[in-house]
Amino acid sequence: MPQQVDVVVIGGGIIGCSIAYYLAKECLSVHLVERDKIAQGTTRAAGGMLGAHSEYLNDTFYSFARESQALYQEFKLEKDADIGYTAGGIVQFACSEEERIALSRWNNAAYLSAEQVRERIPHVAAPAFGAYLFKEDVHVHPEKACLAFCAAAKRLGATVSEQAQVDEITTLHDGYQIRIGASVITARHVVIAGGTASAKLVPRLQMTAVKGQCMQLNAMGRHLPYTLFHNGCYVIPRPDGTLVIGATMEQGLTDLQITDAGNLALNAIAERFIPGLSHLPVMNRWAGLRPKTIDELPYIGRVPGNKNMYIAAGHFRNGILLAPVTACLIRDLIIGNEVNRERIKAFDPKRGVFHEANNRTERQSV
């Protein structure tokens, strides 16, 4: 006999696990299905920055990201969870006058001259036009945070199935039937949160994978008080005394191979921030695939033409940053809470779905 639940969540990365947690918190019965293991894929490959300012796209995105930062802190305190939450903030380099002016618009950032950057950060290659410190842009450990959300969901009654491939989703008159091998689950609602694989479950959804390579260095006792960021590249200090260097941006590649070109690019990133940094012992190298939408804003909302089916995918560089607030938006849609209409419009999956009859829906303005 098929298992019956309120919601099936497909995808066990940090987006899916966050959704499972916030739905279970509302006393809904939830079954999360992951084709591999929890916290793998894009989640495992991420840096973990909660960079609401460094990843700014527009005001709607910014308010969404700031709310997500607060939700992380709330979750950490409420659950006393080890999510690798690390304060200190992000120092964004200004390597031109134009960059300095752009960063100066933030009234919650502290300007540091080149000399002040050198005083605060040993051995740094201080940017000629100084930097701005965003103390509220902390970071978390992606795998730890994902596993913490998953564990919290399970404690609230959610079922989690790993190594479980969804073979088919069939529409029923009052929900969906999900076939996983020989097993069948029926659910009132389905949430697709499978990262780059989500497009396979939503016909004609436009989403591409952008490869990124990172490396982890033994800091050899060096203390880095802040995350360093410039032009999409970063050095992140982890609590275990290591440094994460990232990340490359490689279009059109869907493999997870570590390449010599990627290693050279990461060494160059490290040297731009701190000369000699690339000579520290390498503890790990890895690659991941970022799910990218047509406009770099995620798809969050109802799947067009499918009642009670939702998608939360395409977060590109911001899956860790936006995980809990994405989950809360999906929760609100499912249980009927009031939602922010600007966010619904900005993240509407209709932006990226081609329709056979009309070729394509009108792209929403962002």
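Bear in mind the structure is a predicted one, so any value in this text is a computation, not a measurement.

## Section: the overall build of the protein chain
- Helix and strand counts for the protein chain come out as 9 helices and 16 strands.
- Since a compact globule built from 366 residues should have a radius of gyration of about 21 Å, the 21 Å found for the protein chain is in line with a globular shape.
- Counting only C-alpha atoms and orienting by the principal axes, one finds that the protein chain spans roughly 65 × 40 × 40 Å.
- Out of the 366 residues in the protein chain, the part that is buried amounts to 56%.
- Of the roughly 16000 Å² of accessible surface on the protein chain, 48% is carried by carbon and sulfur atoms.
- Computed over 37 positive and 36 negative side-chain charges, the inter-centroid distance for the protein chain is 1 Å.

## With respect to the packing of aromatic side chains
- Following the criterion strictly, the structure yields 12 aromatic pairs and no others.
- With a centroid separation of 4.8 Å and 70° between ring planes, the pair formed by Tyr21 and Tyr22 is classed as edge-to-face.
- An aromatic cluster is present here, built from Tyr21, Tyr22, Tyr72, Phe75 and Phe149 joined pairwise through their rings.

## Remarks on the nonpolar core
- In terms of nonpolar packing, the biggest core is built from 64 residues, with Ile14, Ile19 and Tyr72 touching the most fellow members.
- At 11 residues, helix α8 (residues 319-335) tops the list of elements feeding residues into this core.
- Residues contacting Tyr72, with those up to four places away along its chain left out, are Ile14, Leu50, Ile83, Val140, Ala145, Phe149, Ile320, Leu321, Ala323 and Pro324.
- Counting 25 residues, the second largest nonpolar core, distinct from the first, contains Met215, Val235, Ile269 and Phe273.

## With respect to the pairing of strand β13 (residues 242-246)
- Burial of β13 is extensive: 5 of the 5 residues sit out of reach of the surface.
- Note: strand β10 (residues 208-218) against β13, 4 bridges, orientation antiparallel. Residue pairing for β13: Leu217 is matched across the bridge by Leu243.
- Pairing of strand β12 (residues 233-237) with β13, which is carried by 4 bridges, proceeds in the antiparallel orientation. Across the sheet, the residue bridging to Tyr234 is Gly246, located in β13.
- What sits between the antiparallel neighbours β12 and β13 is a turn of 4 residues, in which Gly241 has the positive phi angle 85°.

## So, helix α7 (residues 260-273)
- Over its 14 residues, α7 extends 20 Å from the first C-alpha to the last, a length consistent with the 20 Å expected when each residue adds 1.5 Å.
- In the core, the buried residues of α7 are packed alongside β3 (90-93), β10, β11 (227-230), β12, β13 and β14 (282-292).

## Comments concerning the confidence of the model for the protein chain
- In this model, the protein chain carries an average pLDDT of 94, and 96% of its residues clear a pLDDT of 70 or more.
- Within the model, pLDDT remains below 50 along residues 356-366, and this stretch shows 22 contacts once partners closer than five positions in the same chain are excluded.

## Here's the deal with helix α1 (residues 14-24)
- With 11 of 11 residues buried, α1 is to be regarded as a mostly interior element.
- Listed as buried for α1 are Ile14, Ile15, Gly16, Cys17, Ser18, Ile19, Ala20, Tyr21, Tyr22, Leu23 and Ala24.

## Points about the sheet that holds β13
- With respect to topology, 8 strands assemble into an open sheet ordered β4-β5-β3-β11-β12-β13-β10-β14, the strand pairing being mixed. Only two strands of the sheet have a single neighbouring strand rather than two, namely β4 (110-112) and β14. Averaged over all pairs of adjacent strands, the angle between their axes in this sheet comes to 20°, without regard to strand direction.
- As paired strands, β3 and strand β5 (residues 131-134) are joined by 4 bridges and run antiparallel to one another. Across the sheet, residue Val91 finds its bridge partner in β5, namely Leu133.

## Some words on unusual backbone geometry
- The omega torsion of the bond from Gly246 to Ala247 falls at -15°, within 30 degrees of zero and hence cis.
- Counting through the fold element by element, Ala247 comes out in the loop between β13 and α7.
- The backbone of Phe316 shows a phi angle near 55°, a positive value even though the residue is not glycine.
- As for its placement among the helices and strands, Phe316 is situated in the loop between β16 (309-313) and α8.
- Assessed through its relative accessible area of 6%, Phe316 is described here as buried.

The rules we used
Each chain carries its own residue numbering, running from 1 in the written order of its sequence. Where totals are concerned, whole chains, interfaces and linings use all residues; where local detail is concerned, this predicted model gives features only for residues with pLDDT of at least 70, and gives and counts side-chain atom pairs only at 80 or more. Side-chain numbers come from the whole structure's heavy atoms, not from hydrogens or water. Helix and strand definitions here come from DSSP, where helices need a minimum of 4 consecutive H or I residues and strands a minimum of 2 consecutive E residues; each element is numbered from the N-terminal end. Our radius of gyration looks at C-alpha atoms and nothing else; its globule reference is 2.2 Å times the residue count to the power 0.38. Burial classification: accessible surface area is computed with a 1.4 Å probe over protein chains only, and a residue below 20% of its type maximum counts as buried, one above 50% as exposed, and the rest as partly exposed. The Shrake-Rupley method, run with a 1.4 Å probe sphere, supplies the accessible areas, and residue values consider only the shown protein chains as cover. In this tally Asp and Glu are treated as negative and Lys and Arg as positive; neither His nor the chain ends contributes. In plain terms, the charge of a residue is placed at NZ if it is Lys, CZ if Arg, CG if Asp and CD if Glu. Ring pairs shown here join Phe, Tyr and Trp side chains whose ring centres sit within 6.5 Å, with only the six-membered ring taken for Trp; geometry is labelled stacked below 30 degrees between planes, edge-to-face above 60, and tilted in between. What is meant by a nonpolar core is a set of buried Ala, Val, Leu, Ile, Met, Phe, Trp, Tyr and Cys residues, joined one to another through side-chain atoms within 4.5 Å. We call two residues in contact whenever any of their non-hydrogen atoms come within 4.5 Å of each other. Pairing between two strands requires that DSSP report at least two bridges joining them. Here a helix's expected span is defined as the number of its residues, less one, multiplied by 1.5 Å. A residue's pLDDT is the predictor's confidence in that residue, given on a scale from 0 to 100. What counts as an axis is a line fitted to C-alpha atoms, over the stretch in contact for a helix, and the angles between N-to-C directions run from 0 to 180 degrees.

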